Amino acid sequence: LTSGQAKKMDKLLAKLEADTGVKFRVLCQRYPQTPGLAIKDYWGVDDNTIVMVADRGNSKSGMSNLLNFNVGKSVELALPPVFWTRLRNYFGTVYYVKDNGEDAAIVNAVDTVVGCLREGFCTDVPDEVKKIANKNF
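Every chain's residues receive numbers from 1 upward, in the order its sequence appears when written. pLDDT decides what is reported in this predicted model: residues at 70 or higher carry local features, side-chain atom pairs at 80 or more are listed and counted, and totals for whole chains, interfaces and linings draw on all residues regardless. Hydrogens and water molecules were not included; the side-chain quantities draw on all heavy atoms of the structure.

Undergrad: Give a detailed account of the state of the cysteines, specifying residues and quantitative values.
TA: In what follows, a disulfide is any cysteine sulfur pair within 2.5 Å. If you walk through the whole model with that rule in mind, you get one disulfide. One disulfide in the model links C116 with C122; its S-S distance is 2.2 Å. Sign of the S-S torsion, about -85 degrees for the bond between C116 and C122, identifies this disulfide as left-handed. When a residue's accessible area, from a 1.4 Å probe over protein chains only, is under 20% of the maximum for its type it is buried; when over 50% it is exposed; and in between it is partly exposed. By relative accessible area, C122 is classed as buried at 5%.

Undergrad: Can you explain the packing of aromatic side chains? Please cite residues and give values.
TA: We call Phe, Tyr and Trp rings a pair once their centres come within 6.5 Å, taking the six-membered ring for Trp, and we label the pair stacked below 30 degrees between planes, edge-to-face above 60, and tilted otherwise. Within the structure shown, the criterion is met by five aromatic pairs. A ring pair is formed by F69 and W84, whose centres lie 4.9 Å apart and whose planes are at 45 degrees; its orientation type is tilted. Taken together, the residues span a long stretch of sequence, with F69 in strand β3 (residues 67-71) and W84 in helix α3 (residues 81-91) at a distance of 15 residues. We classify W84 as buried; its relative accessible area is 6%. Between F83 and W84, the ring centres sit 5.0 Å apart and the planes meet at 80 degrees, which makes this aromatic pair edge-to-face. Here F83 falls in the buried class, since its relative accessible area comes to 0%. Here the aromatic residues F69, F83 and W84 are joined through ring pairs into a cluster of three or more. In this text, helices come from DSSP runs of H or I with a minimum length of four residues, and strands from runs of E with a minimum of two, each type numbered from the N-terminal end.

Undergrad: Help me get a handle on the sheet that holds strand β2 (residues 49-55), residues and values and all.
TA: Spatial strand order, β1-β2-β3: three strands in an open sheet with mixed pairing. With one partner strand each, in any of the chains shown, β1 (23-29) and β3 form the two edges of the open sheet. With direction set aside, neighbouring strand axes in the sheet form an average angle of 15 degrees. Pairing between two strands requires that DSSP report at least two bridges joining them. Note that β2 and β3 share five bridges and pair antiparallel. Each bridged residue has a counterpart across the sheet, and for V53 the counterpart in β3 is N68. Whether two residues are in contact is decided by their heavy atoms: any pair within 4.5 Å suffices. Orientation is described by axes fitted as lines to C-alpha atoms, over the contacting stretch for helices, and by angles from 0 to 180 degrees between their N-to-C directions. Contacting β1, β2 and β3, helix α5 (residues 102-119) runs over the sheet at an angle of about 165 degrees to β2.

Undergrad: Can you explain the packing of α3 against α5? Please cite residues and give values.
TA: Where α3 contacts α5, the two axes come as close as 10 Å, and the packing angle between them is 150 degrees. Relative to α5, the element α3 lies roughly antiparallel. Our pair here, α3 against α5, has a crossing hand that is right-handed. Contacts between α3 and α5 involve F83, W84, L87 and F91 from the first element and A105, N108, A109, T112, V113 and C116 from the second. Residues belonging to the contact of α3 with α5 are distributed by class as follows: eight nonpolar, two polar and no charged. If an angle is under 35 degrees, it is roughly parallel; if it is over 145, roughly antiparallel; if it lies from 65 to 115, roughly perpendicular; otherwise it is oblique. A crossing counts as left-handed when the near helix is turned anticlockwise from the far one by less than a right angle, and as right-handed when that turn is clockwise. In this count, Pro and Cys sit with the nonpolar residues alongside Ala, Val, Leu, Ile, Met, Phe, Trp and Tyr, while Asp, Glu, Lys and Arg are called charged and the others, Gly among them, polar.

Right, here's the structure in full:
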């Protein structure tokens, strides 16, 4: 992410936390250089926390998904496991990243989660988000 994208995302996530109590943290890493479980204590991860890991990794096939989510139990009431699978399989695929870039995948995934949390419930990436993300608006 550029510094501008990171600042904008920080503001967006701070407002989300203030408004909803949901902590949303984004970790960008490249396996095997990872902080591991240290982030759990550092960020105070609990049942009301989402951790999105954007991992460029080094899979042998080059086909690993960029995005992974660790979701607290309280958040799953609004955004069930099927949502996270669909979100990951929409924005995190090697094809999406190749066509749009890692930064767009991260930003669009974050924007989608924030929108769905504000809406109250989602089981899929909303169609309007897909249109904007694919520049079909």
